[in-house]
Amino acid sequence: VREAEAEAAEEAALDAAALDARGAHFRWGMAVEIRPIEDGYAGAWCPAEVLKALPDTRELLISLVDENGDTGGARETVRVARCRPAPPSLEADAAAAWVEVLAPGDALELWYDNAWWKVVLESRSQNSVVVRSPSYGSRHRAPLTHIRPRFAWTSPSRGWAYAQGQAQMELPVTDVLMAHQRPLPSHPQRGGEKRAAAATARVRSKAGGGRGGRGRG
């Protein structure tokens, strides 16, 4: 609940000028992430591709990334306030420096179930981490390839910010990242985990919580 309230407050803080400036940044083929409004997705950013900007209504027509990482998923109309460009990948040296100083309590994002989720680091080993979702209390063990900094998009002109230990790092915008250029981790679910995820999806569908409407609102 707290995460959903924080997201709503963040969106409410955007005035008309800020929304128009944000909307003007998006264009066809651009890699973006959307914040779902669906129950069960607090703290998640879902990858998508811009199909069309709709400036009159301050919305985007987008195509969600499917379970194979292809931008051929469901098409939805999403408010600009719930969209951001896909963060660029850190260069190898920057990524190594970020991993080097990771410590319990650090805020991260975890790639799981076709979305990036806000999590907190509990422990790490040489090649993996254990993280906890502050929204749901669940814990996951994941390889280092399935985590990234908890990025904050400051503005279309200033780019990105993220924490590295006690330091605040900035990642300026250089080139627009297109959907076909977006790097995503391989899907982490295999075997029993994938079957369990499918079963969960069926339960959500029966309960009326399918993903068809996760972007609209």
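The rules behind these values
Residues numbered from 1 in each chain as written. Predicted model: local features only at pLDDT ≥ 70, side-chain atom pairs only at ≥ 80, totals over all residues. Heavy atoms only, no water. Phe/Tyr/Trp six-rings, centres within 6.5 Å; stacked < 30°, edge-to-face > 60°. Buried < 20%, exposed > 50% of the residue type's maximum accessible area, 1.4 Å probe, protein only. Pairing = 2+ DSSP bridges. Helix = DSSP H or I, 4+ residues; strand = E, 2+ residues; numbered from the N terminus. Axes fitted to C-alpha atoms, helices over the stretch in contact; angles between N-to-C directions. Polar contact = N/O pair within 3.5 Å; in protein donor to acceptor, adjacent residues only side chain to side chain.

Caption draft 1: Seen up close, the packing of aromatic side chains. Inspection of the entire model under this criterion finds seven aromatic pairs. Between Trp111 and Trp116 the ring centres are 5.4 Å apart and the planes differ by 55°, which places this aromatic pair in the tilted class. Across the pair, exposure class does not vary: Trp111 and Trp116 are buried alike. Here the aromatic rings of Phe151 and Trp160 are separated by 5.9 Å at their centres, their planes lie at 75°, and the arrangement is edge-to-face. Assigned by exposure class, Phe151 and Trp160 land together as buried. Within the aromatic cluster, the residues linked to one another by ring pairs are Phe26, Phe151, Trp153, Trp160 and Tyr162.

Caption draft 2: Region of the structure containing the sheet that holds strand 11 (residues 152-155). Spatial strand order, 11-12-13: three strands in an open sheet with antiparallel pairing. A single partner strand is all that each edge strand has here, and the edge strands are strand 11 and strand 13 (167-171). Put simply, the sheet's adjacent strands are angled 35° from each other on average, direction ignored. Relative to strand 13, strand 12 (residues 159-164) runs antiparallel, the two being bridged by five bridges. Paired with Trp160 across the bridge in strand 13 is Leu171.

Caption draft 3: Just the pairing of strand 7 (residues 115-124), in detail. Of all ten residues that make up strand 7, seven are buried, and the element is covered over most of its length. Bridge count for strand 2 (residues 44-54) against strand 7 is two bridges, and the pairing is antiparallel. Bridge pairing in strand 7 links Ala44 to Trp117. Note: strand 6 (residues 107-112) against strand 7, six bridges, orientation antiparallel. Bridge pairing in strand 7 links Leu108 to Val119. Joining the antiparallel neighbours strand 6 and strand 7 is a turn of two residues, in which Asp113 adopts a positive phi near 55°. Pairing analysis gives four bridges linking strand 7 to strand 8 (residues 128-132), with the strands arranged antiparallel. When the sheet's bridge partners are listed, Val120 is paired in strand 8 with Arg132. Two successive antiparallel strands, strand 7 and strand 8, enclose a turn made up of three residues.

Caption draft 4: Region of the structure containing the side chain of Glu59. Inspection of the secondary structure puts Glu59 in strand 3 (residues 59-64). A relative accessible area of 13% places Glu59 in the buried class.

Caption draft 5: Quick look at the side chain of Arg82. Looking at the element boundaries, Arg82 is found in the loop between strand 4 (75-79) and strand 5 (83-85). Polar contacts involving the side chain of Arg82 include one to the main-chain carbonyl oxygen of Pro36, which spans 2.9 Å.

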